[in-house]
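Spelled out from the first residue to the last, the chains are:
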Amino acid sequence: MADVSERVKQLSEKFLRKELYVITSTLTAPRSEHMRLLPDHLEYQIKLEKEGVIFAAGPMFNADGTEGPGLIIIRAASFEAAKTIADGDPWVQAGVHAYVITRWIINEGNYSVRINYSDQTVVID
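Here is a short report on the structure shown in this document.

Here is what the cut-offs are and how they apply
- Residues numbered from 1 in each chain as written.
- Predicted model: local features only at pLDDT ≥ 70, side-chain atom pairs only at ≥ 80, totals over all residues.
- Heavy atoms only, no water.
- Helix = DSSP H or I, 4+ residues; strand = E, 2+ residues; numbered from the N terminus.
- Buried < 20%, exposed > 50% of the residue type's maximum accessible area, 1.4 Å probe, protein only.
- Contact = heavy atoms within 4.5 Å.
- Polar contact = N/O pair within 3.5 Å; in protein donor to acceptor, adjacent residues only side chain to side chain.
- Lys, Arg positive; Asp, Glu negative; His and termini not counted.
- Salt bridge = Lys/Arg side-chain N within 4 Å of Asp/Glu carboxyl O.
- Pairing = 2+ DSSP bridges.
- Axes fitted to C-alpha atoms, helices over the stretch in contact; angles between N-to-C directions.
- Expected span 1.5 Å × (residues − 1).
- Arc of directions from axis to C-beta.

### A word on the environment of H97
Here H97 shows up in strand 4 (residues 97-106). On the basis of relative accessibility, which here comes to 9%, the residue H97 falls in the buried class. Separated by 61 residues in sequence, H97 and R36 place their C-alpha atoms 13 Å apart. Filtering out sequence-adjacent residues up to four positions away, H97 remains in contact with S25, T26, L27, T28, H34, W91 and V92. A polar side-chain atom of H97 sits 2.9 Å from a polar atom in the side chain of H34.

Right, here's the structure in full:
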């Protein structure tokens, strides 16, 4: 067992260990209310994105193609700070969505960004 623990320690010593919070948001009211407030929700999300709070966000979909819960990954100092951010969403304020917050530690993974100077486009993989 000590050999396994030592190997895990060696393998994980350079992990990123970046702490983020995941908000899973589910519809709790008629879809018409959700759609009526969608512009307000999107404005809030874009504001958070511009402030550097949102790491990634968007809807999830079930295997049958129907829309599932929303997923919002944010940068926050604590669960309490993440709750304050989640509570600011117009959908939550209107009682149209409920949410669950979990803490997520990024250890492995990657992403790439390519900037093309010739046409000033950006590709994110």
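### Section: the side chain of D89
As for its placement among the helices and strands, D89 is situated in the loop between helix 4 (79-87) and helix 5 (90-93). K47 provides the closest opposite charge to the buried, unpaired D89, separated from it by 11 Å. Here D89 is in contact with H41, Y44 and Q45, once residues within four sequence places are set aside.

### So, the sheet that holds strand 4
Adjacent strands of a sheet pair through backbone hydrogen bonds, lying either parallel or antiparallel. Read from one edge of the open sheet, four strands run 2-3-1-4, paired in antiparallel fashion. Either end of the sheet is taken by a strand with one partner, and the two such strands are strand 2 (54-61) and strand 4. Here the strands of the sheet are splayed against their neighbours by 20° on average, with no regard to which way each runs. Pairing of strand 1 (residues 18-27) with strand 3 (residues 67-74), which is carried by five bridges, proceeds in the antiparallel orientation. Counted as the bridge partner of T24 is L71 from strand 3. Running at roughly 140° to strand 4, helix 4 makes contact with strand 1, strand 3 and strand 4 of the sheet.

### Structural notes on helix 3 (residues 38-50)
With 13 residues, helix 3 extends 18 Å between its outermost C-alpha atoms, agreeing within 8% with the 18 Å of an ideal straight helix rising 1.5 Å per residue. Regarding helix 3, the residues found buried are H41, Y44, Q45 and L48. Each buried residue of helix 3 sits inside an arc of 95° when the element is viewed along its axis, so together they form one side. The exposed residues of helix 3 that point more than 90 degrees off its buried face are E43 and K50. Following helix 3 by one or two positions, G52 adopts a phi angle in the positive range, close to 85°.

### Quick word on unusual backbone geometry
In terms of backbone geometry, most residues other than glycine have negative phi values and most peptide bonds are trans. Positive phi, normally seen in glycine, also occurs at R17, with a value near 55°. Note on placement: R17 falls in the loop between helix 1 (2-12) and strand 1. Look at Q120: it is not a glycine, yet its phi comes out positive at around 55°. Assignment of secondary structure puts Q120 in the loop between strand 5 (113-116) and strand 6 (121-124).

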